[in-house]
Amino acid sequence: MLQADEVQRYLTTAQAQADPAGAFTIAPLTAEFEARSHHFCTLFPALLPDCHALGLTDRDRIAADLWNLWLPLAQTLIRDRETLGRPVVQGMLGGQGTGKTTLARILGLILDSFDCRSVQFSLDDLYKSYLERQQLQQADPRLIWRGPPGTHDVAIGIDLLDTLRQAHRRLPVLVPRFDKSAVGGLGDKAAPEVIDGVDVVIFEGWCVGVRPVDPRVFDDPPEPIVTERDRTFARDMNDRLLDYVPLWHRLDRLLILHPVDYRLSQQWRKEAEHQMIAQGKPGMSDADIEQFVAYFWQALHPDLFITPLTRNPLFTDLVVEIERDRTLGRIYRP
């Protein structure tokens, strides 16, 4: 158990780091504050081993994130489940290295502690099969990597969310899974996971919730959309994004993990690959990473597609800024 002075120190640290605008800020000495404090004291020691396993080791930082984001977000989802009278779907948008998978896992652990059943799946789990993607690449050689609009099976995603959102469904549901290591790292569909129904669905991905933009923005786009060929590719990806809008309509909430500078994702990817190589695992060279990341920016540039969403209260419920050291920064509602 945490000692009383340790609890007070963590709560003081967490509150001091809270955003002044206060996406989740509550006044002291209220019932909600007391309830959150109680759950914090129970959850913090229980979550530490899982946080450490996920690479989170700073106790003060874990305490602050638990108080400012993880716990209030879980409580919000539980309340939404009760209000809607059916499972709630939380969308989570974030580029490479923003921590969306880690957040989804921690959120699932917290929900479990409240006896709230959850399932996490990624946009990656909706990738088309290796064979289908090969055929797609033959039709459009520009699709050299999986990831851009057109490489996912949107119909499967729509059917899955429609099934999971049913209020009292307890029959088995097949959740698609994707194995990135299959076919020599090119990836292929894996055996689906069988679940019996849930209360909360956490759906994360690098472009979850991203919608088409006015094509005129490609007349003078940011780098690395430079050549006419780049601009044509960007316009085509924007058009294909229309097919994803019915899938986004199944989201009840959207959270955006937004780096203070979108270019940090390239640096973070390099750091991750360097660590893999240092451990004797295969990894991409810096030049390959730069080409890989630039490809995604050419398809759906963060400044054109994600930044506007951080200011759009119609589609976005919560924005979490990610600092250069990957810690959580300001948390706010658009």
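Note that the coordinates shown come from a computational prediction; the quantities given were computed from them, not determined experimentally.

A. Structural context of the overall build of the protein chain. Of regular secondary structure, the protein chain possesses twelve helices and eight strands. Whereas a compact globule of 334 residues would reach a radius of gyration of roughly 20 Å, the protein chain reaches 20 Å, a difference of no more than 12%. Every one of the 334 residues in the protein chain was classed for burial, and the buried ones make up 51%. For the protein chain, long-range pairs separated by at least 24 residues make up 74% of all intrachain contacts whose partners lie at least 6 apart in sequence. With an accessible surface of roughly 15800 Å², the protein chain has 52% of that area assigned to carbon and sulfur atoms.

B. Quick peek at the sheet that holds strand E5 (residues 200-205). The strand order across the open sheet formed by six strands is E2-E5-E1-E6-E7-E8, and the pairing between neighbours is mixed. At either margin of the open sheet sits one strand with a lone partner, and together these are strand E2 (118-122) and strand E8 (328-332). Across the sheet, the mean angle from the axis of one strand to that of its neighbour is 20 degrees, orientation sign disregarded. Note that strand E1 (residues 88-94) and strand E6 (residues 253-259) share five bridges and pair parallel. The partner of Gly-94 across the bridge, within E6, is Leu-257.

C. Spatial organisation of the pairing of strand E7 (residues 318-322). Counting buried positions along E7 gives five out of five residues, so the element sits mostly inside the fold. Of the two faces of E7, both are covered, the one formed by Leu-318, Val-320 and Ile-322 as well as the one formed by Val-319 and Glu-321. Relative to E7, E6 runs parallel, the two being bridged by five bridges. The residue bridging Ile-256 from the neighbouring strand is Val-319, located in E7. With three bridges connecting them, E7 and E8 associate as antiparallel partners. Residue pairing for E8: Ile-322 is matched across the bridge by Leu-328. If you look at the hairpin formed by E7 and E8, you'll find five residues sitting between the two strands, and Arg-326 has a positive phi there, around 75 degrees.

D. Seen up close, unusual backbone geometry. The step from Glu-223 to Pro-224 runs through a cis peptide bond, and the omega angle for that step is 10 degrees. Mapped onto the fold, Pro-224 is located in the loop between E5 and helix H8 (228-240). With a phi angle near 65 degrees, Asp-115 is a residue other than glycine that sits in the positive phi range. Tracing the sequence through the fold places Asp-115 in the loop between helix H4 (100-113) and E2. Residue classification places Asp-115 among the exposed positions, given a relative accessible area of 70%. Not every positive phi belongs to a glycine, and Arg-326 is a case in point at roughly 75 degrees.

E. Quick look at the pattern of salt bridges. Applying the stated criterion to the full structure yields 23 salt bridges. Arg-235 serves as the salt-bridge partner of Asp-219, at 3.1 Å between the closest nitrogen and oxygen. Residue Asp-219 is found in the loop between E5 and H8, and its partner Arg-235 is found in helix H8; the two are separated by 16 residues along the sequence. Of the residues examined, Asp-219 reaches a relative accessible area of 53% and is grouped as exposed. Close ionic contact of Arg-324 with Asp-261 constitutes a salt bridge, the shortest N to O distance being 4.0 Å. In this pair, Arg-324 sits in the loop between E7 and E8 while Asp-261 sits in the loop between E6 and helix H10 (264-278), placing the two residues 63 residues apart along the sequence. Counted as one network, the salt bridges with shared partners bring together Asp-140, Arg-142, Asp-236 and Arg-240.

How each quantity is defined
- Residues numbered from 1 in each chain as written.
- Predicted model: local features only at pLDDT ≥ 70, side-chain atom pairs only at ≥ 80, totals over all residues.
- Heavy atoms only, no water.
- Helix = DSSP H or I, 4+ residues; strand = E, 2+ residues; numbered from the N terminus.
- Rg over C-alpha atoms; globule rule 2.2 N^0.38 Å.
- Buried < 20%, exposed > 50% of the residue type's maximum accessible area, 1.4 Å probe, protein only.
- Contact = heavy atoms within 4.5 Å.
- Areas by Shrake-Rupley, 256 points an atom, 1.4 Å probe, with all protein chains shown as cover.
- Pairing = 2+ DSSP bridges.
- Axes fitted to C-alpha atoms, helices over the stretch in contact; angles between N-to-C directions.
- Salt bridge = Lys/Arg side-chain N within 4 Å of Asp/Glu carboxyl O.

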